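If you want the building blocks of each chain, they are given just below.
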Amino acid sequence: MRSLTRRSLFGLTTTAAVSGLAACGSSSSTSGGSDATYSAAPEDLSAELRYAIWDKAQEPAMQKIVDGFTKKFPNITVSIDVSEFGSYWTKIQTEASSDTLPDVFWMNPPNFQLYAQNEILMPLTSMVDAGVLAKENYTPAVWDLYRLDDVQYGVPKDNDAMAIWFNKKLLKDYGVDEPAEGWTWEDLRASAEAVVSGSGGDVYGFSGPVNSAGNHSWYNSVYQAGGYILNEDHTTCGYDQPGTVEGVTFWRDLLADELSPSIKQLTDTSFDDWFTSGKLAMAAGGTWQTQPFLEALGDDLGVTSWATGSAGNQVCVSGLSNVMPAVSKNPQASMAFLEYLGGEEAAIAQAESGVVIPAFNGAADPFYDSIENLDLRVFEDAIANGFSNPATKNTKEWQNVELEMLLPVFVGEAEVESTCEELFTTINNLLAKE
């Protein structure tokens, strides 16, 4: 058995063995392992699969996809296991240590390389070689996020991109024009100031998840100012770049000038709850928030592209993938399900739900057209022009350090420039150890 520390694999401190790794490379036909190869599944194949996801809002669309799959394979039963995001990863970590991972489950970029490099995920080389999984069918940025050492491990599921949501009624109430194409950081800030001034501080102007997710907040402004988080080959970080400092400063200033709820307020009440409760006029949010925001605001909801900084309005493009464990009890059925999940029929079902944008090329129009009064095509442009979510073999380790060191900046207890200098050294040291 190959022994790993939970600290190195999952950021914990106790030592444990990841027993699932012992079967990697095994030729056992019962466990599957990394020797499992794709073969077209017969229609009468019988199996029971568990499909793990973390978003309750997507469950109806996932059930529709499962129903479509079981029409093709009536003897394969797929149960959907839905968890909250935090508990999902706790469960996956525990199951990875005991060979009880779901047959198919969602994976995200920050966790992917850690799981792949430790041989917990099944390589999908045989599906690529068989032609049932092809890069040209998907958004390139999302395909590449789930590739390690020239091996594909994930079937791209969806595209995530960022935009700025706004409350039409609040802007009108405080005499603020709705954002127009080509608006800038200065325009955004002026609008936020007008809302705060007009409401006497009862309503905040603009915010985002700056207390938790760089790729949903300051990563975007960093790139819009000409900086970067990681260089092209992801070997060094860019916290020494003037544009990176400028992008972090953008958020520090919003918080310092009380145009956004404070870090404590955002910790007590999430930014999206501030927005849906009518206490925040504009919010940096993603594609996945379309339906919750619409349910809360209805016709008062608007969306526009990110405001333009000194170097553009690029935003982070990411996306989930579907994966299977290296140790699989049902490798043929799991691969058949992965094949269906990665196909056009499943992609269209996702798009029609109006919840997420499928990563399958040419299948996104039902999403963009799903809400008549919203210009969801801003996400199409964002995906086409955005940058890939920065990720390495141990993303979580350096991102935890990144957030820990930046939070004092965002609460006004540390300077931007000196913190970025320290981050440059600290993150590069962590990257060198990967």
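Residues numbered from 1 in each chain as written. Predicted model: local features only at pLDDT ≥ 70, side-chain atom pairs only at ≥ 80, totals over all residues. Heavy atoms only, no water.

1. A few points about the overall build of the protein chain
For clarity, the cut-off: Secondary structure elements follow DSSP: runs of H or I no shorter than four residues count as helices, runs of E no shorter than two count as strands, and numbering proceeds from the N terminus. Restricting the calculation to C-alpha atoms gives the radius of gyration, and the globule rule supplies 2.2 Å times the number of residues raised to the power 0.38. Relative accessible area decides the class of each residue, using a 1.4 Å probe on protein chains only: under 20% of the type maximum gives buried, over 50% gives exposed, and in between gives partly exposed. Areas reported as accessible are Shrake-Rupley estimates using a 1.4 Å probe. Residue values count occlusion only from the protein chains shown.
Across its full length, the protein chain holds 19 helices and 17 strands. For 434 residues, the compact-globule formula gives about 22 Å, and the C-alpha radius of gyration of the protein chain, at 22 Å, lands near that figure. Its C-alpha atoms put the protein chain at 65 × 50 × 35 Å along the principal axes. A burial count over the protein chain gives 56% of its 434 residues as buried. Looking at the protein chain as shown, the accessible area adds up to about 17700 Å², and 46% of this sits on carbon and sulfur atoms.

2. So, the nonpolar core
One broad trend across soluble globular proteins is that nonpolar side chains are buried collectively. Quick note on the threshold: Here, nonpolar core means buried Ala, Val, Leu, Ile, Met, Phe, Trp, Tyr and Cys residues that are tied together by side-chain atoms lying within 4.5 Å of each other.
Core analysis: the largest hydrophobic core is formed by 79 residues, its most contacted members being Phe206, Trp218, Tyr239, Trp306 and Phe379. Ranked by size, the runner-up nonpolar core spans 60 residues in total, among them Leu49, Phe105, Phe112 and Phe337.

3. A word on the environment of Asp149
Among the secondary structure elements, Asp149 is positioned in the loop between strand 6 (147-148) and strand 7 (151-152). Between the C-alpha atoms of Asp149 and Ala116, which are 33 residues apart in sequence, the distance is 9.9 Å.

4. A closer look at the sheet that holds strand 12 (residues 280-286)
Counted only if it meets this: Any two strands are treated as partners once DSSP identifies two or more bridges connecting them. An axis is simply a line fitted to the C-alpha atoms; with a helix, the fit covers only the stretch in contact. Between two such axes, the angle follows the N-to-C directions and lies from 0 to 180 degrees.
Strand order across the open sheet formed by four strands is 11-12-10-13, with mixed pairing between neighbours. Edge positions in the sheet fall to strand 11 (204-207) and strand 13 (301-304), since each has one partner strand and no second. Across the sheet, the mean angle from the axis of one strand to that of its neighbour is 20 degrees, orientation sign disregarded. Where strand 10 (residues 162-167) meets strand 13, four bridges bridge the pair, whose relative direction is antiparallel.

5. A look at the environment of Leu49
This is how it is decided: Contact criterion: two residues are considered in contact whenever any of their non-hydrogen atoms come within 4.5 Å of each other.
Mapped onto the fold, Leu49 is located in strand 3 (residues 47-53). A relative accessible area of 4% places Leu49 in the buried class. Sequence-distant contacts of Leu49, that is, excluding residues within four places in its chain, are made with Ile76, Thr77, Val78, Ser79, Asp103, Asn330, Ala333, Ser334 and Phe337.

6. Here we look at the pattern of salt bridges
Cut-off, in case you're wondering: Salt bridge, as applied in this entry: a Lys or Arg side-chain nitrogen positioned within 4 Å of an Asp or Glu carboxyl oxygen.
Applying the stated criterion to the full structure yields 15 salt bridges. Residue Asp81 is joined to Arg50 by a salt bridge in which the shortest nitrogen-to-oxygen separation is 2.8 Å. Separated by 31 residues along the polypeptide, Asp81 in strand 4 (residues 76-82) and Arg50 in strand 3 bring together distant segments of the chain. Owing to a relative accessible area of 17%, Asp81 belongs among the buried residues under this scheme. Lys135 serves as the salt-bridge partner of Asp144, at 3.1 Å between the closest nitrogen and oxygen.

7. Section: the packing of helix 10 (residues 242-256) against helix 18 (residues 395-410)
Under the convention used in this document: The cut-offs work like this: below 35 degrees is roughly parallel, past 145 is roughly antiparallel, 65 to 115 is roughly perpendicular, and the gaps in between are oblique. When residues are grouped by polarity, Ala, Val, Leu, Ile, Met, Phe, Trp, Tyr, Cys and Pro land in nonpolar, Asp, Glu, Lys and Arg in charged, and all others, Gly among them, in polar.
Where helix 10 meets helix 18, the closest approach of the two axes is 9 Å, and the angle between their N-to-C directions is 45 degrees. The angle between helix 10 and helix 18 falls in the class oblique. Here helix 10 contributes Val248, Trp251, Arg252 and Leu255 to the contact with helix 18, which in turn contributes Leu406, Val409 and Phe410. Of the residues that constitute the contact of helix 10 with helix 18, the class distribution is six nonpolar, no polar and one charged.

8. Focus: the packing of aromatic side chains
As a reminder, the rule being used: Here the aromatic set is Phe, Tyr and Trp, taking the six-membered ring for Trp, and pairing holds for ring centres within 6.5 Å; pairs whose planes are under 30 degrees apart are stacked, those over 60 apart are edge-to-face, and all others are tilted.
The tally for this structure, following the rule as stated, stands at 29 aromatic pairs. With 5.2 Å between their ring centres and 90 degrees between their planes, Trp54 and Trp106 make a pair best called edge-to-face. Taken together, the residues Trp54 in the loop between strand 3 and helix 2 (59-72) and Trp106 in strand 5 (residues 104-107) connect sequence positions 52 residues apart. This pair shows no difference in class: Trp54 is buried, exactly as Trp106 is. Taking the centre distance of 5.7 Å and the plane angle of 50 degrees together, the rings of Trp218 and Phe410 count as tilted. In this pair, Trp218 is assigned in helix 9 (residues 218-224) and Phe410 in helix 18, connecting sequence segments 192 residues apart. Phe410 carries the same exposure label as Trp218, and that label is buried.

9. Considering the sheet that holds strand 15 (residues 321-323)
What links the strands of a sheet is backbone hydrogen bonding, and the strands pair in either a parallel or an antiparallel sense. In spatial order, the strands read 4-3-5-15-8; together these five strands make up an open sheet with mixed pairing. Because the sheet does not close on itself, it has two edges, and the strands there are strand 4 and strand 8 (155-156). As defined by bridge partners, strand 3 adjoins strand 5 across two bridges and the pair is classed as parallel. By the bridge assignment, Ala52 is partnered in strand 5 with Phe105. Strands strand 3, strand 4 and strand 5 of the sheet are contacted by helix 2, whose axis makes an angle of about 170 degrees with strand 4. Across the sheet, helix 14 (residues 331-341) touches strand 3, strand 4, strand 5, strand 8 and strand 15, and the angle it forms with strand 3 is around 50 degrees.

10. A few points about helix 19 (residues 416-432)
Applied cut-off: Expected span, for any helix, means 1.5 Å times one less than how many residues it has. It is the directions from the helix axis to the C-beta atoms whose arc is reported.
Under the 1.5 Å per step criterion, the end-to-end length of helix 19 is 24 Å for 17 residues, consistent within 8% with the ideal 24 Å. All of the buried residues in helix 19 are Val416, Thr419, Cys420, Leu423, Ile427, Asn428, Leu430 and Leu431. Down the axis of helix 19, the smallest arc covering the buried residues is 155 degrees, so these residues share one side. Across helix 19 from its buried face, at more than 90 degrees, point the exposed residues Glu421 and Ala432. Looking at the buried side of helix 19, the elements it contacts are helix 10 and helix 18.

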